Amino acid sequence: MKIEMRHFPIHLLMVSAFTASAFKVVPSFSSHLSITSLFAAPKEALKDIVIPNIFEFASATSHENEDSRIWVPQTDCLSFRPLCLCVSQGYYVNLLKFKGGGVLGRHRHSSPVHALTLKGGWGYKEHSWHADPGTYVFEPPGETHTLIVDDDCDEMITLFHVTGTLVYENEQGVVTGYDDVFTKLEKAKKWYKACGLGEEFVQQFVR
Ligand SMILES: [Fe+2]
């Protein structure tokens, strides 16, 4: 029986064409091709990071299971838990935790920030909005602000994805310091070495 193409529905012709091209075997690479290779990461790809327990702070009892040393002290009231320290692209993802009220000094962002509030409440001195659990915030490049955690807040935890650099400045606008993925990495290495987890502990979060 001869099947003429003009009698085929157009969508079946498109599927047939896609299927044929997707699995077309190029002679010089045929020995490496398989259906599974379409779904696996190339060998040059960076290793994924999988952290299953970042919400362990959610219940009172779970704190007992969490090794508190994973939190890197940054100031008296502020610590962070690294999730991804991406030195290859200049950003980091971390959980920022305040114990009680507090302030993170005024700073300017060179690049965008994404924030998802998980616990407690906070805001910026320069903005009228207030972040509560579940609040997502996008901070555009050039944003300058002073992070303030509510005085009556027992604990604030927010996931921050920070690209580029935070440049700290005083009230006169004079630059006093900076943070980026590399300073966060150094803080983490120093702390993990001091607390007994070992300097290399941080490497599982570095890409
Ligand atoms: Fe900020």
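On a predicted model such as this, the values are computed, not experimentally measured, just so you know. (Residues numbered from 1 in each chain as written. Predicted model: local features only at pLDDT ≥ 70, side-chain atom pairs only at ≥ 80, totals over all residues.)

### Focus on the sheet that holds strand β1 (residues 72–73)
Judged by pairing direction, the sheet is antiparallel, and its six strands sit side by side in the order β1-β2-β3-β10-β5-β8 without closing on themselves. In the strand order of this sheet, the two ends are held by β1 and β8 (136–139), each with one partner. Bridging between strand β2 (residues 78–86) and strand β3 (residues 91–99) involves eight bridges; their strand directions are antiparallel. If you follow Leu-85 over to β3, its bridge partner there is Tyr-92. Across the sheet, helix α2 (residues 181–195) is in contact with β1, β2 and β3; its angle to β2 comes to roughly 115°. (Pairing = 2+ DSSP bridges. Helix = DSSP H or I, 4+ residues; strand = E, 2+ residues; numbered from the N terminus. Contact = placed C-beta atoms within 7 Å. Axes fitted to C-alpha atoms, helices over the stretch in contact; angles between N-to-C directions.)

### Observations regarding α2
Along its 15 residues, α2 runs 21 Å from first to last C-alpha, staying within 8% of the 21 Å computed at 1.5 Å per residue. Turning to α2, its buried residues number three or more, namely Val-181, Lys-184, Ala-188, Trp-191 and Tyr-192. For α2, the buried positions fall inside an angular range of 100° around the axis, keeping them on one side. Set apart from the buried face of α2 by more than 90 degrees, the exposed residues are Glu-186 and Ala-194. Among the structural elements, β1, β2, β3 and β12 (175–179) are those in contact with the buried residues of α2. (Expected span 1.5 Å × (residues − 1). Buried ≥ 20, exposed ≤ 12 C-beta atoms within 10 Å, placed from the backbone. Arc of directions from axis to C-beta.)

### Quick notes on the pairing of β3
Counting the residues between successive antiparallel strands, the hairpin from β2 to β3 contains four residues, one of them, Gly-90, with a positive phi of roughly 75°. Two elements, β3 and strand β10 (residues 155–163), share nine bridges in a ladder whose sense is antiparallel. Bridging across to β10, Leu-95 finds its partner in Leu-159.

### Brief notes about the nonpolar core
Ranked by internal contacts, the top residues of the largest apolar core, which has 22 residues, are Trp-122, Met-156 and Ala-188. Within the residue set of this core, elements represented by two or more residues are β2, β3, β9 (144–149), β10 and α2. Non-local contacts of Trp-122, meaning those with residues more than four positions away in its chain, are made with Ala-131, Leu-147, Ile-148, Val-149, Asp-150, Met-156 and Thr-158. (Core = buried A, V, L, I, M, F, W, Y, C linked by C-beta atoms within 7 Å.)

### Some thoughts on the sheet that holds strand β7 (residues 130–131)
Read from one edge to the other, the open sheet built from six strands follows the order β7-β6-β9-β4-β11-β12, with strand pairing classed as antiparallel. Looking at the sheet topology across the chains shown, the edges are occupied by β7 and β12. As paired elements, strand β6 (residues 122–124) and β7 share two bridges and run antiparallel to each other. From the neighbouring strand, Trp-122 faces β7, where its bridge partner is Ala-131.

### Focus: the environment of Thr-158
Relative to the assigned elements, Thr-158 resides in strand β10. The class for Thr-158 is buried, based on 23 C-beta atoms found within 10 Å. Residues Thr-158 and Trp-122, 36 residues apart in the sequence, show an inter-C-alpha distance of 9.2 Å. If we skip the residues at most four places from it in the chain, Thr-158 touches Leu-96, Ala-115, Leu-116, Thr-117, Leu-118 and Trp-122.

### A word on the environment of Val-113
Looking at the element boundaries, Val-113 is found in strand β5 (residues 113–119). On the basis of neighbour counts, which here come to 19 C-beta atoms within 10 Å, the residue Val-113 falls in the partly exposed class. Sequence spacing of Val-113 and Val-93 is 20 residues, and the spatial spacing of their C-alpha atoms is 9.7 Å. Ignoring sequence-local partners within four residues, the contact set of Val-113 consists of Glu-139, Phe-160, His-161, Val-162 and Thr-163.

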